[in-house]
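Remarks on the overall topology
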Amino acid sequence: MTAAPRTFADARRWALVGAELTFDAVAGLDDAGYAAPSALPGWTRAHVAAHVAANTEALSNLVHWAATGEPTPMYASPEDRAAGIERGRALPAARLTAWLRRSADALEAGMDRLTDEQWRHEVVTAQGRTVPATELPWMRSREVCVHAVDLATDVSFADLPADFLAALCDDVTAKRAAAPGPAVTLRTATGSRWELPGTGETFRVTGDLPAITAYLTGRDADLRTADGSPAPALGAWL
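Thresholds, definitions, all that
- Residues numbered from 1 in each chain as written.
- Predicted model: local features only at pLDDT ≥ 70, side-chain atom pairs only at ≥ 80, totals over all residues.
- Heavy atoms only, no water.
- Helix = DSSP H or I, 4+ residues; strand = E, 2+ residues; numbered from the N terminus.
- Rg over C-alpha atoms; globule rule 2.2 N^0.38 Å.
- Contact = heavy atoms within 4.5 Å.
- Lys, Arg positive; Asp, Glu negative; His and termini not counted.
- Charge placed at Lys NZ, Arg CZ, Asp CG, Glu CD.
- Phe/Tyr/Trp six-rings, centres within 6.5 Å; stacked < 30°, edge-to-face > 60°.
- Buried < 20%, exposed > 50% of the residue type's maximum accessible area, 1.4 Å probe, protein only.
- Lys NZ or Arg CZ within 6 Å of the ring centre and 35° of its normal.
- Pairing = 2+ DSSP bridges.
- Axes fitted to C-alpha atoms, helices over the stretch in contact; angles between N-to-C directions.
- Expected span 1.5 Å × (residues − 1).
- Parallel < 35°, antiparallel > 145°, perpendicular 65-115°, else oblique.
- Left-handed = near helix turned anticlockwise from the far one by under 90°.
- Nonpolar A, V, L, I, M, F, W, Y, C, P; charged D, E, K, R; others polar.

1. What to know about the overall build of the protein
Scanning the protein from N- to C-terminus turns up nine helices and five strands. Listed N to C, the secondary structure of the protein is α-α-α-α-α-α-β-β-α-α-β-β-β-α in terms of helices and strands. For the protein, the C-alpha radius of gyration of 18 Å lies close to 18 Å, the compact-globule estimate for 238 residues. When its C-alpha atoms are laid out on the principal axes, the protein stretches across 50 × 45 × 30 Å. Taking as baseline every contact in the protein between residues at least 6 positions apart, the subset at least 24 positions apart corresponds to 59%. Taken as two groups, the 22 positive and 30 negative side-chain charges of the protein have centres that lie 2 Å from each other.

2. Section: the packing of aromatic side chains
What the rule picks out here adds up to four aromatic pairs. On the basis of an interplanar angle of 65 degrees and a centroid distance of 5.8 Å, the ring pair of Trp 14 and Trp 138 is categorised as edge-to-face. One end of the pair, Trp 14, is in helix α1 (residues 8-26); the other, Trp 138, is in helix α7 (residues 136-150), and 124 residues separate them in sequence. One exposure class covers both Trp 14 and Trp 138, and it is buried. Summarising the aromatic geometry, the rings of Trp 14 and Phe 164 are spaced 5.7 Å apart at their centres and angled 70 degrees between planes, so their arrangement reads as edge-to-face. A residue pair is termed long-range when its members are at least 10 positions apart, and Trp 14 in helix α1 and Phe 164 in helix α8 (residues 162-177) qualify at 150 residues. Phe 164 sits in the buried class, given a relative accessible area of 0%. Each residue in the set Trp 14, Trp 138 and Phe 164 is aromatic and connected to the rest through ring pairs, giving one cluster. Across from the ring centre of Tyr 75, 5.7 Å away, lies the NZ or CZ of Arg 81, which sits over that ring. Over the aromatic face of Phe 23 sits the side chain of Arg 101, whose NZ or CZ is 4.1 Å from the ring centroid.

3. Let's talk about the sheet that holds strand β5 (residues 199-206)
Within a sheet, each strand pairs with its neighbour through backbone hydrogen bonds, oriented either parallel or antiparallel. Read from one edge of the open sheet, three strands run β4-β3-β5, paired in mixed fashion. Of all the strands in the sheet, just β4 (193-196) and β5 have a single pairing partner and so form its edges. When the angles between neighbouring strand axes are averaged without regard to direction, this sheet yields 10 degrees. Two elements, strand β3 (residues 182-187) and β4, share four bridges in a ladder whose sense is antiparallel. Bridged to Thr 185 within β4 is Glu 195. Where helix α9 (residues 209-216) meets the sheet, it contacts β3 and β4, and its direction lies at approximately 160 degrees from that of β3.

4. What about α8?
Across its 16 residues, α8 extends 22 Å between first and last C-alpha, which sits within 8% of the 22 Å expected from 1.5 Å per residue. Considered for burial, the residues of α8 that qualify are Phe 164, Leu 165, Ala 166, Ala 167, Leu 168, Cys 169, Asp 170, Asp 171, Val 172, Thr 173 and Arg 176. Where α8 is buried, its residues touch α1, α7, β4 and α9.

5. Re the packing of helix α3 (residues 45-68) against helix α4 (residues 78-89)
Here α3 crosses α4 at 125 degrees, and the two axes come no closer than 8 Å. Classified by the interaxial angle, the pair formed by α3 and α4 is oblique. Of the two elements, α3 crosses α4, and the hand of that crossing is right-handed. Contacts between α3 and α4 involve Ala 46, His 47, Ala 50 and His 51 from the former and Arg 81, Ile 85, Glu 86, Gly 88 and Arg 89 from the latter. Split into classes, the residues belonging to the contact of α3 with α4 amount to three nonpolar, three polar and three charged.

This is the structure we're talking about:
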């Protein structure tokens with residue numbers, strides 16, 4: 001892993017960039033545009049947009065928890081989370097876009113109000129991890145940056161900040177290292193390198209940073225190994 005450690009300020013900046021890219025991706029989408037397939041199997045663009053908006057409100061719940069000390073889970077239950085996405089993806093285009101913007105504005109305003117002490121308060125994520133509230137901007141930046149690409153409009157991984165991509169590769173590599181999978185060494189032309197430990201043969205893959213990030217996050221990147229064969233498939237991320 002080669003990226004410089006990500007900072008709180010980095011994560012807040014990336015979250016704003018990702019939100020703007022998401023707004024750009026949905027700008028002008030009508031009902032038919034939202035009904036088109038996204039880059040995620042089985043999901044339309046409306047599913048992705050509804051997921052982002054619902055996740056934004058869920059992060060606002062954690063901001064409330066950090067601000068007040070009142071335990072406020074991201075979602076009432078996994079079933080409630082899924083139902084929220086289903087309700088959202090059925091909204092008319094204008095209402096779905098408005099929900100994306102309204103939830104984003106509320107989250108940013110809530111984070112802006114947190115004091116230094118409140119940012120250090122611990123909250124619990126939907127995956128059951130206990131983290132300081134300072135982790136929330138990073139959680140937000142991953143959601144909006146990656147899903148801006150998943151909306152399958154004109155946004156690609158190449159449009160995301162390079163320092164975000166490197167930090168995301170570090171994050172994903174660390175998570176994948178804890179799970180069994182193929183052994184892969186990934187390298188960019190500029191010398192950045194990430195390694196996925198595994199058993200058996202080590203696959204050596206070279207590509208640009210956006211393509212490597214897409215691959216590590218389970219998106220189609222069409223990367224090849226040194227002998228020209230496709231890079232091994234990875235399991236789901238997050």
